[in-house]
Amino acid sequence: MGNVMVTGGARGIGAGIVEKLLSEGHNVAFCDLADEDKMVEQCQTLAAKYPGKPLYVKCDITKKDQRENFLASVVKAFGSVTALVNNAGVAPLERKDVLEASEESFERLIRINLQGPYFLTQLVANYMAKHQEPGQCIVNMSSCSAEVASVSRGEYCISKAGVSMATKLWAVRLAEFGINVYEIRPGVIKSDMTAVVTAKYDKLIAEGLTLTPRWGFPEDIAKAVAAFIRGDLAYSTGQVVFVDGGMQIQKL
C-alpha cells in the first residue's frame, strides 16, 4: 500500500478521496485550512474505521514554507511519499461576468488553483525522483471548466485549463523517473462548491445535460483516484479521465 498526500481533504471531493484511499489500506496525509482540533477528531474516527493511517496537516498550499512542512510531516509520519493528489481548489468568491471580474479574484484563483499545486508538485516530484519507489504517481483534479467556457467565472476556467497543461508538462518531465501523472476532469459534482447552483443544475440534469441522469458524487471521483493509486492504469500517463456522466460528449 502507498503513502498518499491529498490537498483539500477536509470536505467535499477531497474528503471522499481520503476515505476511499484509507479504506483500501493506504496511509493518507491530507491538508486543508480547517480547524486542527476538529480534524484530529476526524482522523481518530477514520483510523477506527479503516485499515489505512490518516494524518491531517494544516497547510495553505499557496505558501512555500507550508508546502515544505506538509511534505516533511508526511515523510516523518509515513517514511515516504508514493502519490500526490492535487485536489484543493476554490471557486470565485463572487460569480461575475468576464467583463466585470476583478484582478483580485483572478489572482486569488490562480494562486490557489494553479500556482500552489504546480509548486507542490515540483516539490514532491523532486522528492520522488530522489527516492524512487514502484507505482509513484501524481493525480491532478481539473474540471469540465478546463474546456467548457463559463463566462460568469472565467478565472476558474482559466485556472483549470492551466492544470490540464500542467498535467502534460509533468507527465513528460517525470516519465524518466517512472512517475505517472494523471488528470481527472469532474463534471457536476455535489459539493460545497456547487451548493449555490443546485437549482440550476437540477434543472439542467433533468433536461439531459448528462447522459447519466444524476449529479456526480465525491465517491465517483474517489473511485477514479483509487484506480490510479492502485496502478490500474500503469501504462497510461498524461491522460485525462472524465468523471462527468457523459456531459462532454457532443451529440445531435
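The following refers to the structure shown. Starting afresh in each chain, residues are numbered from 1 along the sequence in its written order. Since the coordinates come from a predicted model, pLDDT governs what is reported: local features require at least 70, and pairs of side-chain atoms require 80 or more to be given and counted, while whole-chain, interface and lining totals use all residues. Side-chain numbers come from the whole structure's heavy atoms, not from hydrogens or water.

Structural notes on the pairing of strand 5 (residues 137-141)
Right, so step 1: Most of strand 5 sits out of view: 5 of its 5 residues are buried.
Right, so step 2: Side chains C137, V139 and M141 project from strand 5 onto one buried face, and the interleaved I138 and N140 project onto a second face that is buried too.
Right, so step 3: Two strands are said to pair when DSSP picks up at least two bridges between them. Runs of H or I in DSSP of at least four residues are treated as helices and runs of E of at least two as strands, each being numbered from the N terminus. Note: strand 4 (residues 83-86) against strand 5, 4 bridges, orientation parallel. Across the sheet, L84 pairs through a bridge with I138, a residue of strand 5.
Right, so step 4: Following the chain from strand 4 across helix 4 (residues 103-130) to the adjacent parallel strand 5, one finds a crossover that is right-handed.
Right, so step 5: Two strands pair when backbone bridges link them, and strand 5 and strand 6 (residues 180-186) are joined in this way by 5 bridges, in the parallel orientation. In the sheet register, C137 faces strand 6, and the bridge partner there is N180. Here's how the labels work: a residue is buried when its accessible area is under 20% of the maximum for its type, exposed when over 50%, partly exposed in between, all with a 1.4 Å probe on protein chains only. Place the viewer so that the strands point away; then a crossover is right-handed whenever the path from the first strand over the helix to the second strand goes clockwise.

Let's talk about empty space enclosed by the protein
Right, so step 1: Site definitions follow a grid-based scheme: protein atoms alone, a 1 Å grid, a 1.4 Å probe that fits but cannot get out for cavities, and for pockets an open set with protein on both sides within 12 Å along at least five of seven lines, plus lining residues having an atom within 4 Å of a point. Grid points are joined across faces, edges and corners, and a volume is the space filled by probe spheres set on the points. Tallying each qualifying case throughout the model produces 2 cavities of 30 Å³ or more.
Right, so step 2: Of the voids in this model, the largest cavity is the one considered here, and its volume is about 60 Å³.
Right, so step 3: N86, N113, L114, P117, Y118, T121, N140, V163, A166 and W170 are the residues that line the largest cavity.
Right, so step 4: If you list the elements that add at least two residues to the lining of the largest cavity, you get helix 4 and helix 5 (154-174).
Right, so step 5: Sort the elements by how many residues they give to the lining of the largest cavity and helix 4 lands first, with 5 residues.
Right, so step 6: Classifying every residue of the lining of the largest cavity gives 6 nonpolar, 4 polar and no charged.
Right, so step 7: Space inside the second largest cavity adds up to approximately 40 Å³.
Right, so step 8: Counted by class, the lining of the second largest cavity contains 4 nonpolar, 4 polar and 1 charged residues. Amino acids outside the nonpolar list (Ala, Val, Leu, Ile, Met, Phe, Trp, Tyr, Cys, Pro) and the charged list (Asp, Glu, Lys, Arg) are all regarded as polar, and Gly is one of them.

Description of the side chain of T7
Right, so step 1: Within the fold, T7 resides in strand 1 (residues 3-7).
Right, so step 2: Exposure remark for T7: the relative accessible area of 1% places this residue in the buried category.
Right, so step 3: Contacts described as polar in this section are N or O atom pairs within 3.5 Å, which, within protein, must combine one atom able to donate a hydrogen with one able to accept it, while residues neighboring in sequence count only if both atoms come from side chains. A polar atom in the side chain of T7 sits 2.9 Å from the backbone nitrogen of N87.
Right, so step 4: Among the polar contacts listed, one links the side chain of T7 to the backbone nitrogen of A88, at a separation of 2.8 Å.

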